[in-house]
Amino acid sequence: MNVPKYIANKWEKAPGNIEVGKLKISKNPGQKAQVSLTLSESVLCLKEPGEENIPRDHRLDVSAITRQTLGVFSHITPSTNSDSVVPETEKLSMEGRIVQKLECRPYADSCYMKLKVETIRKASMPVRQVQQLDRIVQNFKPVSDHKHNIEYEEKKKAEGKKARDDKDAVLEMLFAAFEKHQYYNIKDLVKITRQPIVYLKEILKEVCNYNLKNPHKNMWELKPEYRHYKEPVPAPSTTSADD
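One structure accompanies this document, and this report is about it. Please read all numbers here as calculations on a predicted model, not as lab measurements.

1. Regarding helix 3 (residues 110-124)
- Over its 15 residues, helix 3 runs 21 Å from end to end, which matches the ideal 21 Å to within 8%, given 1.5 Å per residue.
- Taken together, the buried positions of helix 3 are occupied by Tyr 112, Leu 115 and Glu 118. Projected down its long axis, helix 3 carries its buried residues within an arc of 125 degrees, all on one side. Opposite the buried face of helix 3, at more than 90 degrees from it, the exposed residues are Ser 110, Lys 114, Val 117, Ile 120 and Ser 124.
- For helix 3, the secondary structure elements touched by its buried residues are helix 1 (5-13) and strand 6 (100-106).

2. Some details on a negative patch on the surface
- Together, Asp 165, Asp 166, Asp 168 and Glu 172 give the surface a local cluster of negative charge.
- Relative to the elements of secondary structure, Asp 166 occurs in the loop between helix 4 (147-161) and helix 5 (167-180).

3. Some remarks on unusual backbone geometry
- Look at the link from Asn 214 to Pro 215: it is a cis peptide, with omega at 10 degrees.
- Following the sequence through the fold, Pro 215 ends up in the loop between strand 7 (208-210) and strand 8 (220-222).
- One non-glycine residue, Arg 194, adopts positive backbone phi at about 55 degrees.
- Relative to the elements of secondary structure, Arg 194 occurs in the loop between helix 6 (186-193) and helix 7 (197-207).
- Unlike most non-glycine residues, Asn 218 shows phi in positive territory, near 65 degrees.
- Residue position: Asn 218 is located in the loop between strand 7 and strand 8.

4. As for the sheet that holds strand 2 (residues 34-39)
- Within the open sheet, the four strands sit side by side as 1-2-3-6. Their pairing is antiparallel. Two strands lie at the open edges of the sheet, namely strand 1 (21-26) and strand 6, each paired on one side alone. Averaged over all adjacent pairs, the angle separating strand axes in this sheet is 30 degrees, with direction ignored.
- Bridge count between strand 1 and strand 2: six bridges; the pairing is antiparallel. Bridging across to strand 2, Ser 26 finds its partner in Gln 34.
- This element, helix 1, spans strand 2, strand 3 (57-64) and strand 6 of the sheet and lies at about 50 degrees to strand 2.

What counts, and at which threshold
Residues numbered from 1 in each chain as written. Predicted model: local features only at pLDDT ≥ 70, side-chain atom pairs only at ≥ 80, totals over all residues. Heavy atoms only, no water. Helix = DSSP H or I, 4+ residues; strand = E, 2+ residues; numbered from the N terminus. Expected span 1.5 Å × (residues − 1). Buried < 20%, exposed > 50% of the residue type's maximum accessible area, 1.4 Å probe, protein only. Arc of directions from axis to C-beta. Contact = heavy atoms within 4.5 Å. Patch = residues over 30% accessible without salt bridge, like charges linked within 9 Å, V, L, I, M, F, W, Y side chains within 5 Å. Areas by Shrake-Rupley, 256 points an atom, 1.4 Å probe, with all protein chains shown as cover. Salt bridge = Lys/Arg side-chain N within 4 Å of Asp/Glu carboxyl O. Lys, Arg positive; Asp, Glu negative; His and termini not counted. Charge placed at Lys NZ, Arg CZ, Asp CG, Glu CD. Pairing = 2+ DSSP bridges. Axes fitted to C-alpha atoms, helices over the stretch in contact; angles between N-to-C directions.

As structure tokens, then:
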């Protein structure tokens, strides 16, 4: 049986030792059985201050279940503190099949219409509301900006001041640097060329290889076709007087 939400909320609040309602089935010859639900007075009294009353009487629309197979099962678990000699076992039993579905619907009386209006009013209220303060509230005052955001913005400004030089000029600086040393890390190359790191890496990928293995891991070196290291000057040969 499906019931409206306001009935389900009442039944959840009800203690287990009270009557929550009564079903009435009326059968007239040659007509379909009429089923109705009347909530108990104990359930109707379970209300918060300012809460609207809910309807007492409801009709139940009965329909057959044809496209589903539904069953009712009982689950028995053994007691942990049982003193019986024969140990209890866990049991799962099928009590029967569900062949009918009941939809609980209220009658459109004044009580239900008033409840519906109040429900719509509450649903239309905004979650956040503006409230005027008549005194200063000493709460946590948020900072205008966090430290890591300030550092990031300063870094961005510093990067922006590094104007991109012509590509040929950057290549000349790189080749001149690699004539002095064979391997460089990216930080040293940024200092030497004073170029934005993204722009510098684009040029490095064209003329350099990036080492991923030791002993020069994370270092850049020129590709073989761009290496023009000076050959060492051979020592002058000496001849003996006998020659």
